[in-house]
Amino acid sequence: MAEIETRVTTLEQQVSNVMTKLDMFIEESRAARQRQDAEMREARQKHDADMKEIRERQEAAQAKHDADMKEIREKHDADMHEMNQRFYNKFDDMNAKIDAKFASMDAKIDNMGQHVRNMSIVTIIGIAAMVVAVFLK
């Protein structure tokens, strides 16, 4: 019986050792899991911070691009307005020159018409004088 008690005591000691080792393993597993959770939280926070920084840089780049495009559009619009003004000024100058030419031509045509009228009157008077001279002879 003493041998059985010794075996039971040994067995109890071994069970106690296994339980101690099991408790240590469970504690180590919990600690490892907590470390892993902390590392995951830290990685997630770093990822979120990196993504926020990337978004901010993209938004800043987009804002700069938008400002550059607005400046280009405004410069283009100003250049087009200036070009249109120059075109219309040239067009107005050409119209003024054409109007002056037409006015000059109208005056010449009027003078020519008056000259033709005068010549017609002189011709009629001449013909009338010849007719009178023929009848008077």
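Residues numbered from 1 in each chain as written. Predicted model: local features only at pLDDT ≥ 70, side-chain atom pairs only at ≥ 80, totals over all residues. Heavy atoms only, no water.

## Section: the overall build of the protein chain
So, step 1. Looking only at helices and strands, one finds one helix and zero strands in the protein chain.
So, step 2. For a compact globule of 137 residues, the expected C-alpha radius of gyration is about 14 Å, and the protein chain comes in at 57 Å, more than 25% above that figure.
So, step 3. Relative to its full complement of 137 residues, the protein chain shows a buried share of 0%.
So, step 4. In the form shown here, the protein chain has an accessible surface area of approximately 13,100 Å², with 61% of it arising from carbon and sulfur atoms.
So, step 5. The centroid of the 22 positive side-chain charges in the protein chain is displaced by 11 Å from the centroid of its 26 negative side-chain charges. (Helix = DSSP H or I, 4+ residues; strand = E, 2+ residues; numbered from the N terminus. Rg over C-alpha atoms; globule rule 2.2 N^0.38 Å. Buried < 20%, exposed > 50% of the residue type's maximum accessible area, 1.4 Å probe, protein only. Areas by Shrake-Rupley, 256 points an atom, 1.4 Å probe, with all protein chains shown as cover. Lys, Arg positive; Asp, Glu negative; His and termini not counted. Charge placed at Lys NZ, Arg CZ, Asp CG, Glu CD.)

## Description of the packing of aromatic side chains
So, step 1. Enumeration according to the criterion identifies two aromatic pairs in this entry.
So, step 2. Measuring from ring centre to ring centre gives 5.4 Å for Phe-87 and Tyr-88, while their planes differ by 65°; the resulting arrangement is edge-to-face.
So, step 3. Each ring, one from Phe-87 and one from Phe-91, has its centre 6.1 Å from the other, and the planes form 20°; the classification is stacked. Pair noted here: Phe-87 and Phe-91 are both in helix α1 (residues 2-136), with a separation of four residues, about one helical turn. (Phe/Tyr/Trp six-rings, centres within 6.5 Å; stacked < 30°, edge-to-face > 60°.)

## So, a nonpolar patch on the surface
So, step 1. Nonpolar side chains collect at one region of the surface, where Leu-11, Val-15, Met-19, Leu-22, Phe-25 and Ile-26 lie side by side and expose about 550 Å² of accessible area between them.
So, step 2. Locating Leu-22 in the fold gives a position in helix α1. (Patch = residues over 30% accessible without salt bridge, like charges linked within 9 Å, V, L, I, M, F, W, Y side chains within 5 Å. Salt bridge = Lys/Arg side-chain N within 4 Å of Asp/Glu carboxyl O.)

## Some thoughts on the pattern of salt bridges
So, step 1. Tallied over the full model, the rule gives seven salt bridges.
So, step 2. In this structure, the salt-bridge partner of Glu-27 is Arg-30, at a minimum N-O distance of 3.2 Å. Taken together, the residues span about one helical turn, with Glu-27 and Arg-30 both in helix α1 at a distance of three residues.

## Considering the environment of Met-105
So, step 1. Here Met-105 lies in helix α1.
So, step 2. Judged by relative accessible area, Met-105 falls into the partly exposed class, the value being 44%.
So, step 3. For the pair Met-105 and Phe-25, spaced 80 residues apart in sequence, the C-alpha to C-alpha distance is 116 Å.

## With respect to the environment of Glu-56
So, step 1. With respect to the helices and strands, the residue Glu-56 is situated in helix α1.
So, step 2. Relative accessible area serves as the criterion here: at 43%, Glu-56 is assigned to the partly exposed category.
So, step 3. The sequence separation of Glu-56 and Glu-3 amounts to 53 residues, and the corresponding C-alpha distance is 78 Å.

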